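So the chains spell out like this:
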Amino acid sequence: MTIHNFSAGPAMLPAAVLKKAQAELLDWQGRGVSVMEVSHRSPEYVAMAEEAEQNLRDLMAIPDNYAVLFMHGGGRNHFSAVPQNIASADATVDYVTTGSWSQIAFDEAKKYVGKVNLAASAEDTAQGKAIPQFENWQLSEGAAYLHYCPNETVDGIALHEIPDSKAPLVADMSSVILAEPLDVSKFGVIYAGAQKNIGPSGFSVVIIRKDLLETRQNRVCTVMNYQVQDAERSMYNTPNTWAWYLSGEVFKWLKAEGGVAAMGERNHAKARLLYECIDNNPFYQNQVHPRNRSIMNVPFQLAKPELDATFLKEAAEEGLVALKGHRFVGGMRASMYNAMPYEGTQALVDFMTRFAQRNR
Ligand SMILES: *Cc1c(COP(=O)(O)O)cnc(C)c1O
């Protein structure tokens, strides 16, 4: 039976990447050992690491005035690294809270920065949860940066337009990086934990405009110091060599699949298919305003929540796994990152249609 894994994260990886990693586990590049067992300073490893960076730069068309860092600590480490690296202790910074993750980032920033201004929050409307239009955001004069989360993984809320910010824009793209084409030049900092759309957990990517690299707070933990990590080519200390390798394999796979343009088309097609199923069937409901619906994470509720457990059990019997909603939200959630084939979403929609018919 084919398993379709809708896990929100750590999420499924392309089977082709896993097979290649498996084949190379006992013999990487003819050395008779795995990539995990060689020095990160060895020429072979450095060449692999540089190729991974170049492939990411190609995929996202990252301009030359941006540094790319491969760092420890997943996405959440940057909730504290960003304020310490980008803002002085007495600075004012702006945050937009649109769901669980940006709320945590907002709370974390208060430890490090004088004034953390809440510029806007997602709100309930007649058509579902929505992000206020940019004109209505309460931005601070002279803010060191504006932080937001373009795709809220738990809540399934997304901002599809890039805010037209005067302050450097900082985006937590953990669950949407590489999902579709993006104009990197509009951002000051993009960061992402790897385990949704890139590779293994505990690893992260930072894309930072070079003029923002000057560290603003000397007490920032050196391993999380963007300026130091840039100067050391992300090898101030031993990086997560396995995660870097596997991420590099995912970048190669993405290139071979047609890059982010092809991913964008496929991701939008998958999302369209699932939202159509939900909207056309009174048995299912999604509570996000159509303008802010995520293409990556689709939360939905059953009209009869008492059937949640049955839904999950019968879905799993058809190989459709990890559909349980986040413990904060309940209901169901289907996460459909780049590695999820269109057929996976099709299989889910077929199941949902039959399940609704049976239980009307
Ligand atoms: C998963 C996620 C995080 C947290 O990532 P960790 O690697 O667990 O720290 C942060 N932000 C967003 C948007 C996420 O989806």
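Numbers given to residues run from 1 along each chain, matching the order in which its sequence is written. Given that this is a predicted model, residues contribute local features only at a pLDDT of at least 70 and side-chain atom pairs are listed and counted only at 80 or more, while totals for whole chains, interfaces and linings are drawn from all residues. Side-chain metrics rest on all non-hydrogen atoms present in the structure, leaving aside hydrogens and water.

Identification of the protein chain as Phosphoserine aminotransferase from Aliidiomarina soli is taken from an unreviewed UniProt entry. UniProt positions are given in the numbering used here, feature names are shortened, and annotations may be inferred rather than shown by experiment. Quoted verbatim from the Subunit (unreviewed entry) field of the UniProt record, the comment on the protein chain reads "Homodimer." In its Sequence similarities (unreviewed entry) section, the UniProt entry covering the protein chain states "Belongs to the class-V pyridoxal-phosphate-dependent aminotransferase family. SerC subfamily."

Engineer: Describe the packing of helix α1 (residues 15-24) against helix α6 (residues 241-256), and please don't skip the residues or the numbers.
Structural biologist: Only the stretch in contact is used when a helix axis is fitted, and all axes are lines through C-alpha atoms; the angle between N-to-C directions ranges over 0 to 180 degrees. Secondary structure follows DSSP: runs of H or I at least 4 residues long count as helices, runs of E at least 2 residues long count as strands, and numbering of each begins at the N terminus. At their nearest, the axes of α1 and α6 sit 10 Å apart, and the two run at 135° to each other. Here α1 is positioned oblique relative to α6, judged by the angle of their axes. Both α1 and α6 take part in a crossing whose hand is right-handed. Between α1 and α6, the contacting residues are Ala16, Val17, Lys20, Ala21 and Glu24 on the first element and Trp242, Tyr245, Leu246, Glu249, Val250, Lys252 and Trp253 on the second. For this scheme, ten residues count as nonpolar: Ala, Val, Leu, Ile, Met, Phe, Trp, Tyr, Cys and Pro. Four count as charged, namely Asp, Glu, Lys and Arg, and the remainder, Gly too, count as polar. Residue classes in the contact of α1 with α6 are distributed as eight nonpolar, no polar and four charged. These descriptions rest on fixed angle ranges, namely under 35 degrees for roughly parallel, over 145 for roughly antiparallel, 65 to 115 for roughly perpendicular, and the rest for oblique. Should the near helix be turned counterclockwise from the far one by less than a right angle, the crossing is left-handed, whereas a clockwise turn marks it as right-handed. Throughout, a residue-residue contact means that at least one pair of heavy atoms, one from each residue, lies within 4.5 Å.

Engineer: So, the packing of aromatic side chains: which residues are in play, and what are the values?
Structural biologist: Classification of ring pairs rests on two measures: the distance between centres of Phe, Tyr or Trp rings, Trp counted by its six-membered ring, which must be within 6.5 Å, and the angle between planes, read as stacked under 30 degrees, edge-to-face over 60 and tilted in between. In total, this model carries 18 aromatic pairs according to the counting rule given. Where tyrosine 95 meets tyrosine 145, the ring centres are 5.8 Å apart and the plane angle is 70°; that geometry is what we call edge-to-face. Residue tyrosine 95 is located in strand β3 (residues 92-97), and its partner tyrosine 145 is located in the loop between β6 (128-130) and β7 (146-148); the two are separated by 50 residues in the primary sequence. Partly exposed describes any residue whose relative accessible area lies between the buried limit of under 20% and the exposed limit of over 50%, with all areas from a 1.4 Å probe on protein chains only and scaled to the type maximum. You can call tyrosine 95 buried: its relative accessible area is 0%. Aromatic ring contacts, followed pair by pair, group Phe283, Tyr284, Phe300, Phe311, Phe351 and Phe355 into a single cluster.

Engineer: Explain unusual backbone geometry residue by residue, including any values.
Structural biologist: Note the cis peptide between glycine 9 and proline 10, where omega equals -10°. By secondary structure assignment, the location of proline 10 is in the loop between β1 (4-5) and α1. The phi dihedral of glutamine 29 falls on the positive side, at around 55°, and the residue is not glycine. Its place among the elements puts glutamine 29 in the loop between α1 and α2 (43-60). With a phi close to 70°, leucine 178 is a non-glycine residue in the positive phi region. Note on placement: leucine 178 falls in the loop between β10 (169-172) and β11 (189-193).

Engineer: Just give me the short version of the sheet that holds β7, but keep the residues and values in it.
Structural biologist: Read across the sheet, seven strands follow the order β2-β12-β11-β10-β7-β3-β4 without closing on themselves; strand pairing throughout is mixed. The open sheet terminates on both sides in strands that have one partner only, identified here as β2 (66-72) and β4 (115-121). For this sheet, the mean angle separating the axes of adjacent strands, direction not counted, is 20°. Strand pairing is defined by DSSP finding a minimum of two bridges between the two strands. When β7 meets β10, the two strands line up parallel, connected through three bridges. Counted as the bridge partner of tyrosine 148 is alanine 171 from β10. Sheet contacts for helix α3 (residues 77-86): β2, β3, β10, β11 and β12 (203-209); angle to β11, the most-contacted strand, approximately 160°. Against the sheet, helix α4 (residues 100-109) makes contact with β3, β4, β7 and β10, and its axis sits at roughly 160° relative to β3, the strand it touches most.

Engineer: Please provide a residue-by-residue account of the domain arrangement of the protein chain, values included.
Structural biologist: Domain start and stop positions are those given by an automatic or database domain assignment. Each domain of the protein chain was delimited in the assignment, giving domain 1 (15-256) and domain 2 (259-359). Here the C-alpha centre of domain 2 lies 27 Å away from the C-alpha centre of domain 1. Taken together, the contact pairs 31 residues of domain 1 with 27 residues of domain 2. Buried area: the accessible surface (1.4 Å probe) lost by two parts on joining, summed over both. Across the domain 1 to domain 2 interface the summed buried area is about 2,400 Å²; carbon plus sulfur atoms make up 53%. Secondary structure elements with two or more residues in the side of domain 1 that touches domain 2: β6, β8 (151-152), β9 (157-158) and α6.

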